[in-house]
Amino acid sequence: MRKSKIDYLFLFSVLALTAIGLIMIFSASPTMALKSGDPLYFIKRHIVYLLLGFSALYFGLRIDLTKLKRWSIWIFVGSLVLLLLVFIPGVGRKVLGASRWIDLVFISFQPSELIKLTMILLLANLLAKMGKGITDFLKGLGPLLLLVGAVAAIIIKQPDLGTAIAIFSTSFIMLFAAGAKLFHLSLIAGVGVAGIIVLSFTSAYRFRRLVAYLDPWKDPQGIGFHIIQSLLAVGSGGLFGLGLGASRQKFFYLPQQFTDFIFAILCEELGFIGGAAVIGLFIFFAGRGIRIAFLARDDFSYLLATGLIGWLTLQAIMNLMVVVGLLPTTGIPLPFISYGGTATIISLFSVGILLNISSQTRKVN
Amino acid sequence: MQDRQRVYVLLLIFILLLLSVLVRLINLQIFNHSFYVGKSQDQHTRIIELAAQRGDIVDRNGNILSTSIDTYSLYKYKHGWLARKLPLAEAEKIREQEPLKIALLKEKKRLYPKERVAAQLLGFVGLDNQGLSGVELSFDEYLCGKKGRLVTEGDPSGVELYGALRVLEAGEEGMNITLTIDENIQYVAEREIEKQIKKYQAISGTVIVMDAETGEILALASKPDFDPNAYKSADKRLWHPRVVDPFEPGSTFKTITTAIALEEGVISEETMLEAKDSITVGGRVIKNSHAINWPDSRITISKMLEESINTGAVQIGLKLGPEKFYNGIKKFNFGSSTAFGLYGESKGIVNHWQRWHKPDIAMITFGQSIAVTPMQLLAAFSAFTNQGEIVKPFLIKKIESCDGKFVKGNARQLWGRAVSAKVADQVKKLLQNVVEIGTGKLGRITGFSVAGKTGTAQKASPGGRGYLQGHYIASFIGFAPVKDPKVICLVIVDDPRGKYWGATVCGPVFKDVVEYSLRYLNVKPDVL
């Protein structure tokens, strides 16, 4: 193990993405904000989230990873308690039919965002301790799967299939990185995919989303509306876009225009050039993140870094694929770019941990 | 862990997935760009139609009869129109209640500054300034202009986008129409007929003054009427210009019968007719409408017209026979629309002689069993003032574009020869006798020689069979000065009570209107 500088290129990609996010929220949110009277309402709040996020990033950078490892079980238990709180009436808040928020004084807090992070932390700890034991299905892989399955089940209950899938896939990535047998993993993947299919058919709203995904033009004013409005935004952007601030779709045609679907507005205003730049930045972000994992000083750091970069990249991929119509609609924001409190703070905190890991590398032959 | 290389497999998968998004972007933004642009524009493009300024209607001297002014309308999203065509102050007051939700739009409102003057003739327009009756309807295509369009962009609730791209496609203003009507003669005609309708408690009355030489209609008065500024509150039956409808002309038609007989040579000015109180034709007993004081057993043609003797006219008809009579009537263009200008003009009812009932040959000689429009009758009489040739009556002098360019117009147009110049002259003299010593005395005008004929027709039953007892259509048609006629005037009063003779009811109106017209038109008096 040796001390080295933090990965500034990785930090740069994150700064670039958050800057793009801020600019796009500046462009896309005033239409909605005007309804409350202040066109800068969401921008002001997002700036506050960014300040909190970068404080969290600094905190993540300075935190003692050894202590973090030691406390990971209790941190996980704490976040699990918070997650269960959303089901208690009076504490949890329902938005659009989903119990995902806890009202704090000035900010609504989403425990499901936090549990993604603490889950990764716990898994990194357990997998690091387990070492080669992961190849044993009954003593190693099996119990972990039960844990992941239980958490995913709670989140599906909210209901938030998108987050559950994110947790499931991130855990899968970590198991893979930890050296689980490919045969076992393909079994798990098969069960997971089957589970998603079953869940899609057992809930009316999930099924509608699936149908809309398969043929949005069948009912453009109904179930297909959201995805079609997104495609109209993206497609009408063309090569160079309509120009920053010139989106038409942001005027209440496209719902969630500055949260989950902000990338559509970005593509409309900045065109293919803007969209490709964001995809390029995420590739660069993923590449540097994977490099941090590969160079991490020990197994815990390696697994933690893999989990975090895998989670953030996977969220980005899922969000982008939804916006361009390659996946059915799920409620996943675009990391660093979408408006949001909990997600912004937690992703930047994760970046802080990744930078922390990047500052202590191992010797590579 | 020994297998850290596995993370590069992950990276490869991530990159492939992100590249799939990139490929999708190429597909959406480059290859299908125009499709999505089209769809997006379809849903946010808002087209606002801008009503064109409607053309004005003016009289022959340019006096405005119908024009448009700015008014203000209030529109509320999802509620539609709140109020339309209000004065600005009133509209702003309502809008103040919910300034964000109510839009103020400028709209043109049709205004008839002379109110009831020529109301049935001018007609009126609907709420969207579309012509609904009269000249407004008949010449809507010229008056309405071409609508403009404002193409802009709006959000789903209809609010215009901030920074919306606006494209204004200018419309075209409507054309202005100049009528042949003279506002002053029109006014006098209306005043006089209204007075008489009141006096005799009649259903309605019509006065038409036509330039005897050119066929220009100088006045077309029809009462009762309505205020076109408030047409909605009027009796709907009054909206219809009754001048386009046919009526049985009665004794004025004896003039036509006589002219045809003279033209055909079956009678001459010297022909004597038998003095008869009644005559039977086809099984029908025809009596005179009033007791005649017979000075002799025979009467002249002139006496027949002067005293309006039915039995005399019937004898002329019998001399003519159905075929000649019918062909003569057709030469006077009865049964053909004059196309003088108003929409919905009747052709009248002139049956072919082979389909006449047996008494028809007699009835038609004094203007029953035949229906004509007032315009047809005027046109027919123009033959006597134009050496036997009919001039076509017309209402539209010219149509000009909003910038004053001539588009189309009408001028004197001959419409066939009815009789020879000689016969026309003979009829003029006969008609002059009617006014000077006959039933038309009330039509005499100091300073001018006048020719004319009265008519008192029995009203046909609404069912079309037989006549209504005690209900008449009184009329008077004539022209002056006789030698070189300037105006032809027809007065019709429908169902006068008390006195019903055309002479009594319509004569004074004829006299007042023609007298005014001649003096107004600066016509030189020709007699003491």
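These numbers were taken from a predicted model, which means no experiment stands behind them. (Residues numbered from 1 in each chain as written. Chains lettered and ligands numbered in written order. Predicted model: local features only at pLDDT ≥ 70, side-chain atom pairs only at ≥ 80, totals over all residues.)

Of the regular secondary structure elements, chain B holds 15 helices and 21 strands. Within chain B, the proportion of its 528 residues that are buried is 47%. (Helix = DSSP H or I, 4+ residues; strand = E, 2+ residues; numbered from the N terminus. Buried ≥ 20, exposed ≤ 12 C-beta atoms within 10 Å, placed from the backbone.)

The secondary structure content of chain A amounts to 13 helices and 5 strands. Expressed as a percentage of its 365 residues, the buried residues of chain A come to 52%. In chain A, the share of contacts with a sequence separation of at least 24, taken over all contacts with a separation of at least 6, comes to 71%. (Contact = placed C-beta atoms within 7 Å.)

This part covers the environment of B:Asn310. All names here are of chain B. Relative to the helices and strands, Asn310 is located in helix H10 (residues 310–320). Residue Asn310 is classed as buried on the basis of its C-beta count, with 27 C-beta atoms lying within 10 Å. Here the alpha-carbon distance between Asn310 and Met363, two residues 53 residues apart in the chain, equals 8.8 Å. Filtering out sequence-adjacent residues up to four positions away, Asn310 remains in contact with Ile286, Lys287, Asn288, Ser289 and Phe366.

With that settled, consider the UniProt feature "transmembrane region" (unreviewed entry) in chain B. Sites flagged by UniProt as "transmembrane region" (unreviewed entry) map to residues 7–26 of chain B. Secondary structure content for residues 7–26 of chain B is 100% helix and 0% strand, and the end C-alpha separation is 29 Å. (UniProt positions renumbered as here; feature names shortened; annotations may be inferred.)

A common way to express how large an interface is: the accessible area buried when the components associate. Contacts between the two partners involve 34 residues from chain B and, on the opposite side, 41 residues from chain A. Only helix H1 (6–31) and helix H2 (33–44) of chain B provide two or more residues apiece to the side of chain B that touches chain A. Considering every element that reaches the side of chain B that touches chain A, the biggest residue donor is H1(B), with 18 residues. Along the lines of polarity and charge, the residues of the side of chain B that touches chain A split into 20 nonpolar, 7 polar and 7 charged. (Nonpolar A, V, L, I, M, F, W, Y, C, P; charged D, E, K, R; others polar.)

Looking now at the environment of A:Val322. All names here are of chain A. Structurally, Val322 can be placed in helix H12 (residues 299–323). It is 8.9 Å that separates the C-alpha atoms of Val322 and Tyr213, two residues lying 109 residues apart in sequence. Sequence-distant contacts of Val322, defined by excluding residues within four places in its chain, comprise Leu327, Thr329 and Thr330.

Quick look at the sheet that holds strand S1 (residues 45–50) of chain B now. All names here are of chain B. Across the sheet, 3 strands lie side by side as S1-S6-S7; this open sheet has antiparallel pairing. Among the strands making up the open sheet, the edge pair consists of S1 and strand S7 (167–169). Between one strand axis and the next, the sheet turns through 20 degrees on average, direction left out of account. With 3 bridges joining them, strand S6 (residues 148–153) and S7 adopt antiparallel strand pairing. If you follow Arg149 over to S7, its bridge partner there is Glu169. (Pairing = 2+ DSSP bridges. Axes fitted to C-alpha atoms, helices over the stretch in contact; angles between N-to-C directions.)

All right, on to the packing of helix H7 (residues 161–177) of chain A against H12(A) then. Residues and elements named next belong to chain A. Viewed as axis vectors pointing N to C, H7 and H12 meet at an angle of 140 degrees, and their least axial separation amounts to 9 Å. On the basis of their axis angle, the class for H7 and H12 is oblique. With respect to the hand of their crossing, H7 and H12 are arranged in right-handed fashion. Counting all contacts with H7, which are made through Ala166, Ser169, Thr170, Ile173, Met174 and Ala177, the residues of H12 involved are Leu303, Thr306, Gly307, Gly310, Trp311, Leu314, Gln315 and Met318. The class makeup of the residues in the contact of H7 with H12 is 8 nonpolar, 6 polar and no charged. (Parallel < 35°, antiparallel > 145°, perpendicular 65-115°, else oblique. Left-handed = near helix turned anticlockwise from the far one by under 90°.)

Quick look at the packing of helix H11 (residues 262–295) of chain A against H12(A) now. Residue and element names in this part refer to chain A. Running from amino to carboxyl end, H11 crosses H12 at an angle of 165 degrees, the nearest separation of the two axes being 10 Å. For the element pair H11 / H12, the angle class is roughly antiparallel. The handedness of the crossing between H11 and H12 is left-handed. Between H11, through Phe263, Ala264, Phe282, Ala286, Gly289, Ile290, Ile292 and Ala293, and H12, the contact on the second element is made entirely by Tyr302, Ala305, Thr306, Ile309, Thr313, Ala316, Asn319, Leu320 and Val323. Tallied by class, residues from the contact of H11 with H12 come to 13 nonpolar, 4 polar and no charged.

Moving on to the sheet that holds strand S21 (residues 487–494) of chain B. All names here are of chain B. Strand order across the open sheet formed by 5 strands is S10-S9-S21-S20-S19, with antiparallel pairing between neighbours. Two strands lie at the open edges of the sheet, namely strand S10 (217–223) and strand S19 (451–460), each paired on one side alone. Adjacent strand axes in the sheet meet at a mean angle of 10 degrees when their direction is disregarded. Bridge count for strand S9 (residues 204–211) against S21 is 8 bridges, and the pairing is antiparallel. Across the sheet, the residue bridging to Val209 is Cys489, located in S21. Strands S19 and strand S20 (467–480) of the sheet are contacted by helix H14 (residues 421–437), whose axis makes an angle of about 75 degrees with S19. Taken strand by strand, helix H15 (residues 502–520) contacts S9, S10, S19, S20 and S21, and its axis lies near 25 degrees from that of S20.

Our next topic: the environment of B:Leu28. Considering the arrangement of structural elements, one finds B:Leu28 in helix H1. Setting aside anything within four residues of it in sequence, one finds B:Leu28 in contact with A:Leu231, A:Val234, A:Gly235, A:Val324 and B:Tyr36.

Moving on to the nonpolar core. By size, the foremost hydrophobic cluster in this structure holds 130 residues, and its most contacted members are B:Val207, B:Val209, B:Val487 and B:Cys489. No other element matches H15(B), which puts 9 residues into this core. Shared between two domains, this core takes at least three residues from each, and those domains are domain 1 (46–76 + 84–89 + 104–179) and domain 2 (183–520) of chain B. Those residues within four positions of B:Val209 in sequence are excluded, and the remaining contacts are B:Ile185, B:Ala189, B:Leu218, B:Ala219, B:Val487, B:Cys489, B:Val513 and B:Ser517. Counting 119 residues, the second-largest nonpolar core is a separate cluster that includes A:Phe76, A:Met119, A:Leu121 and A:Phe263. (Core = buried A, V, L, I, M, F, W, Y, C linked by C-beta atoms within 7 Å. Domains from an automatic or database assignment.)

Residue and element names in this part refer to chain B. Over its 12 residues, helix H8 (residues 253–264) extends 17 Å from the first C-alpha to the last, a length consistent with the 16 Å expected when each residue adds 1.5 Å. Of all 12 residues that make up H8, 11 are buried, and the element is covered over most of its length. Within H8, burial applies to Phe253, Lys254, Thr255, Ile256, Thr257, Thr258, Ala259, Ile260, Ala261, Leu262 and Glu263. Check the buried side of H8 and you find it contacts helix H9 (301–306), H10, helix H11 (322–331), helix H13 (374–385), H14 and S19. The positive-phi residue at the C-terminal boundary of H8 is Gly265, with phi of around 75 degrees. (Expected span 1.5 Å × (residues − 1).)

This brings us to unusual backbone geometry. Each neighbour pair has its own omega, and for B:Lys223 with B:Pro224 the value is -5 degrees, a cis peptide bond. Inspection of the secondary structure assignment puts B:Pro224 in the loop between S10 and H8. In this structure, B:Pro481 follows B:Ala480 across a cis peptide bond, with omega equal to -15 degrees. Position of B:Pro481 among the secondary structure elements: in the loop between S20 and S21. Even without a glycine there, the phi angle at A:Gln256 is positive, about 55 degrees. Within the secondary structure layout, A:Gln256 lies in the loop between helix H10 (225–237) and H11. With a phi close to 60 degrees, B:Lys85 is a non-glycine residue in the positive phi region.

Here chain B averages 92 in pLDDT, and 99% of its residues register 70 or above. Across the assembled chains, the prediction reports ipTM 0.93 with pTM 0.68. (pLDDT = per-residue confidence, 0-100.)

Now for the pairing of S21(B). Counting buried residues along S21(B), 7 of its 8 residues qualify, which places the element largely inside the surrounding structure. With antiparallel pairing between neighbouring strands as the criterion, S20(B) and S21(B) make up a hairpin whose turn holds 6 residues.

All names here are of chain A. For H11, which comprises 34 residues, the first-to-last C-alpha distance of 34 Å sits more than 12% below the rise-based estimate of 50 Å (1.5 Å per residue). In the structure, H11 departs most strongly from a straight axis at Gly271, where the bend amounts to approximately 130 degrees. Of all the 34 residues making up H11, 26 are buried; the element is thus mostly covered by neighbouring parts of the structure. (Bend = angle between axes of the 7 residues up to and from the residue.)

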